[in-house]
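Given next are the chains, with one letter for each unit.
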Amino acid sequence: MGQLGNRRFLLLVSAGIDAMVTESIQRSRRGTLGYSGYLLPPLKVIVHYRFQKPEVTVDGREPVSGTLVMVSNVQNYGGIFSITDRARSGSGHLDICVFHHGTILALIRYAFYALRRRVSCLADVTYLTGKTIRIDSEEPVAVEVDGDYFVTTPAVIELKPAYVPILVPHTPPNQCIP
């Protein structure tokens, strides 16, 4: 499991345009969203978004800059995309994708490769793994956790191995479970 501040997560943390979309949805939410509730906020964000340059430091190594950062423990993103296409939840590390180009055309291209599970093959994407990830920026960048807007940068994400409590019912010895 990962942790950002006091918030634990199972799937992902991202900083950039997709986190800005989640913030926009959260601000405009009035009861049940429906399709328009998920369609209009992204369109507004895309039209007005100014790509920022978050900087990512993984386990104290040399920082990497990009326009969008995704830190994940799984391959699947949004049900149909695979951003961190090498991720395995039991790997002992988090997978990080840093996208370098900040244009709408680049986002469309990244989405196309994510549909094909090949983002890590792109030359303009840096794919990293690590246990402690710090995301900084000159200006605040929106950060989302598991699909919900959470904070702005700076953000420190840590892997917390064996952090999920699991309750197992007690079964007396030599007793069959139906």
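These notes cover the structure that comes with them. Since the structure is predicted, the reported quantities are computational estimates derived from the model, not experimental observations.

## Structural notes on the sheet that holds strand β10 (residues 125-130)
- Reading across from one edge, β10-β9-β6-β3-β12-β13 is the order of the six strands in this open sheet, with antiparallel pairing throughout. With one partner strand each, in any of the chains shown, β10 and β13 (148-152) form the two edges of the open sheet. Averaged over all pairs of adjacent strands, the angle between strand axes in this sheet comes to 20 degrees, irrespective of strand direction.
- Where strand β3 (residues 12-15) meets strand β12 (residues 142-145), three bridges bridge the pair, whose relative direction is antiparallel.

## Focus on the side chain of Thr 67
- Looking at the secondary structure, you find Thr 67 in the loop between β5 (64-65) and β6 (68-72).
- Owing to a relative accessible area of 5%, Thr 67 belongs among the buried residues under this scheme.
- Within the local environment of Thr 67, its side chain forms a polar contact with the backbone oxygen of His 101, the two atoms lying 3.0 Å apart.
- Beyond its immediate chain neighbours, meaning those up to four positions away, Thr 67 contacts Ala 15, Gly 16, Phe 51, Gln 52, Lys 53, Pro 54, Phe 99, His 100, His 101 and Gly 102.

Calculation criteria
Residues numbered from 1 in each chain as written. Predicted model: local features only at pLDDT ≥ 70, side-chain atom pairs only at ≥ 80, totals over all residues. Heavy atoms only, no water. Pairing = 2+ DSSP bridges. Helix = DSSP H or I, 4+ residues; strand = E, 2+ residues; numbered from the N terminus. Axes fitted to C-alpha atoms, helices over the stretch in contact; angles between N-to-C directions. Buried < 20%, exposed > 50% of the residue type's maximum accessible area, 1.4 Å probe, protein only. Polar contact = N/O pair within 3.5 Å; in protein donor to acceptor, adjacent residues only side chain to side chain. Contact = heavy atoms within 4.5 Å.

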